[in-house]
Amino acid sequence: MGKLIVSDLKKLVKCRTVWVCAVISFLVGMLMTFLYDMAWNNMADTQNYQTVFYFMRTMGMDSEMTKQVLSQFPSQVFWQYVNTLLSDGNIIIFAAVVISVYIGSEYNEGTFKNTLSRGFSRTSVYISKYISAVLAMAITVLSYVFGGGIVAAIKFDLTTDVSDEEMIIMVLAYAALFIALTAVFMLIAVLAKRTGFAIALSIVIPIIVSLVVRILSVGFDWVTNAASYWIFDTATLVSTLYQNNDIYIPFMVAPIYLVLSLAVGMFTFSRQEIK
């Protein structure tokens, strides 16, 4: 098992897609920080804020929804920019591409078959790939946050407006969710067995489900609450959940998705015909 993990980690290091996406994530993170800063500077004027607020109200958005949208602009504090970068959804898209390509290439290149022919069980192969995929996720996340964090550190003092306890809890929540998301993306890639199809499903499924939930939430309050348990939305709501004393939700959601995704993924992989 140990040799298998080392071998997969070496393959990950040699995977160009991982590093290309890491560079893109880094650059996009820098860009997003600039954009958030520009938006904040424009919204800093009370008159501009009120104008946007009333405009959104006239478009049919209620007060709470309007405040939630406007709250997505981070205040001029380093931690708030890091928190916004972790929850703005771009990381999920980059991770979907990285993991889909990494796992899909195993099918396309026939390396799964070669590995299994060496006597490794399918369970050990799946777990080893998952461990490598978690590292790929970590590289993607850290690249994005590091890129945006550099710009934020240059523009603002390395200060925070929250307690150390709050930061630690929120970082742990993000970590748990990203680890679980890795299992979800890997499951999709195994089901798809083709890189392009896996990328499409990994991006489209979260978007469609989240869109349906948002539409239904307009008329059904229980749908709004249920959205917190859809992991792709949970990852964008960590700060809000903490403020509402619902921070337990990420720590409850993550293990459920992790266990279910790994279980279904390993079962599917064990029944697949590997060519």
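### Structural notes on the overall build of the protein chain
Point 1. Counting its regular elements, the protein chain contains 14 helices and zero strands.
Point 2. Residue burial in the protein chain is summarised as follows: out of 275 residues, 46% are buried.
Point 3. Taking contacts inside the protein chain between residues at least 6 apart in sequence as the whole, the part at least 24 apart equals 79%.
Point 4. Entry remark: accessible area of the protein chain is about 14,100 Å², with carbon and sulfur atoms responsible for 67%.

### What to know about the environment of L260
Point 1. Along the chain, L260 falls in helix α14 (residues 248-271).
Point 2. The exposure class assigned to L260 is exposed, which follows from its relative accessible area of 52%.

### Quick word on a nonpolar patch on the surface
Point 1. Residues Y229, Y248, M252, I256 and L260 make up a contiguous nonpolar surface patch of roughly 480 Å² in combined accessible area.
Point 2. Residue placement: Y229 occurs in the loop between α11 (221-226) and α12 (231-234).
Point 3. By relative accessible area, Y229 is classed as partly exposed at 34%.

### Quick notes on the packing of helix α1 (residues 2-14) against helix α8 (residues 122-155)
Point 1. The geometry of α1 relative to α8 is characterised by a closest axis approach of 9 Å and an angle of 40 degrees between their N-to-C directions. Comparing the axis directions of α1 and α8 gives the class oblique. Crossing handedness for the pair α1 and α8: right-handed. When α1 is examined against α8, the residues L4, I5, D8, L9, K11 and L12 are found in contact with a partner set consisting of S124, V125, S128, K129, I131, S132, L135 and A136.
Point 2. Partitioning the contact of α1 with α8 into residue classes produces eight nonpolar, three polar and three charged.

### Examining unusual backbone geometry
Point 1. Backbone geometry at K193 places phi at a positive 65 degrees, although glycine is not the residue there.
Point 2. Its location among the elements puts K193 in the loop between α9 (164-192) and α10 (195-217).
Point 3. The exposure class assigned to K193 is partly exposed, which follows from its relative accessible area of 29%.
Point 4. A positive phi angle, near 60 degrees, is found at N245, a position not held by glycine.
Point 5. Relative to the helices and strands, N245 resides in the loop between α13 (238-243) and α14.
Point 6. Overall, N245 belongs to the exposed group, its relative accessible area being 66%.

### Let's talk about the side chain of S105
Point 1. Here S105 is to be found in helix α6 (residues 90-108).
Point 2. Overall, the relative accessible area of 16% leaves S105 in the buried class.
Point 3. A polar side-chain atom of S105 sits 2.8 Å from the main-chain carbonyl oxygen of Y102.
Point 4. Not counting residues up to four positions away in its chain, the partners in contact with S105 are S100, G110, T111 and T195.

### Focus: the pattern of salt bridges
Point 1. In total, this model carries two salt bridges according to the counting rule given.
Point 2. Note that E106 and K11 form a salt bridge whose closest N and O atoms lie 4.0 Å from each other. Linking E106 in helix α6 with K11 in helix α1, this pair joins segments that are 95 residues apart in sequence.
Point 3. Residue classification places E106 among the buried positions, given a relative accessible area of 5%.
Point 4. Classification of K11 as partly exposed rests on a relative accessible area of 27%.
Point 5. One salt bridge in this structure joins K129 and E106, with 2.7 Å as the shortest N-O distance. Taken as a pair, K129 in helix α8 and E106 in helix α6 lie far apart in primary sequence, 23 residues in all. You'll find K129 and E106 in the same group, each marked buried.
Point 6. Here the residues in one salt-bridge network are K11, E106 and K129, joined through shared partners.

### What to know about the packing of aromatic side chains
Point 1. Applying the stated criterion across every chain, the model contains seven aromatic pairs.
Point 2. Centroid distance F26 to F146: 6.1 Å. Interplanar angle 45 degrees. Geometry classified as tilted. Taken together, the residues F26 in helix α2 (residues 16-43) and F146 in helix α8 connect sequence positions 120 residues apart.
Point 3. One aromatic cluster in this structure is built from F112, Y126 and F269.

### Looking at α1
Residue pairs spaced three or four apart in an α-helix point in one direction, given the helix's 3.6 residues per turn.
Point 1. In this model, α1 (13 residues) spans 19 Å end to end at C-alpha, consistent with the 18 Å of a helix rising 1.5 Å per residue.
Point 2. Within α1 the residues assigned to the buried category are L4, I5, D8 and L12. When α1 is viewed along its axis, its buried side chains cluster within an angular range of 100 degrees and face the same direction. Summarising the geometry of α1, the exposed residues directed more than 90 degrees from the buried face are K3, K10, V13 and K14.

Conventions and cut-offs
Residues numbered from 1 in each chain as written. Predicted model: local features only at pLDDT ≥ 70, side-chain atom pairs only at ≥ 80, totals over all residues. Heavy atoms only, no water. Helix = DSSP H or I, 4+ residues; strand = E, 2+ residues; numbered from the N terminus. Buried < 20%, exposed > 50% of the residue type's maximum accessible area, 1.4 Å probe, protein only. Contact = heavy atoms within 4.5 Å. Areas by Shrake-Rupley, 256 points an atom, 1.4 Å probe, with all protein chains shown as cover. Patch = residues over 30% accessible without salt bridge, like charges linked within 9 Å, V, L, I, M, F, W, Y side chains within 5 Å. Salt bridge = Lys/Arg side-chain N within 4 Å of Asp/Glu carboxyl O. Axes fitted to C-alpha atoms, helices over the stretch in contact; angles between N-to-C directions. Parallel < 35°, antiparallel > 145°, perpendicular 65-115°, else oblique. Left-handed = near helix turned anticlockwise from the far one by under 90°. Nonpolar A, V, L, I, M, F, W, Y, C, P; charged D, E, K, R; others polar. Polar contact = N/O pair within 3.5 Å; in protein donor to acceptor, adjacent residues only side chain to side chain. Phe/Tyr/Trp six-rings, centres within 6.5 Å; stacked < 30°, edge-to-face > 60°. Expected span 1.5 Å × (residues − 1). Arc of directions from axis to C-beta.

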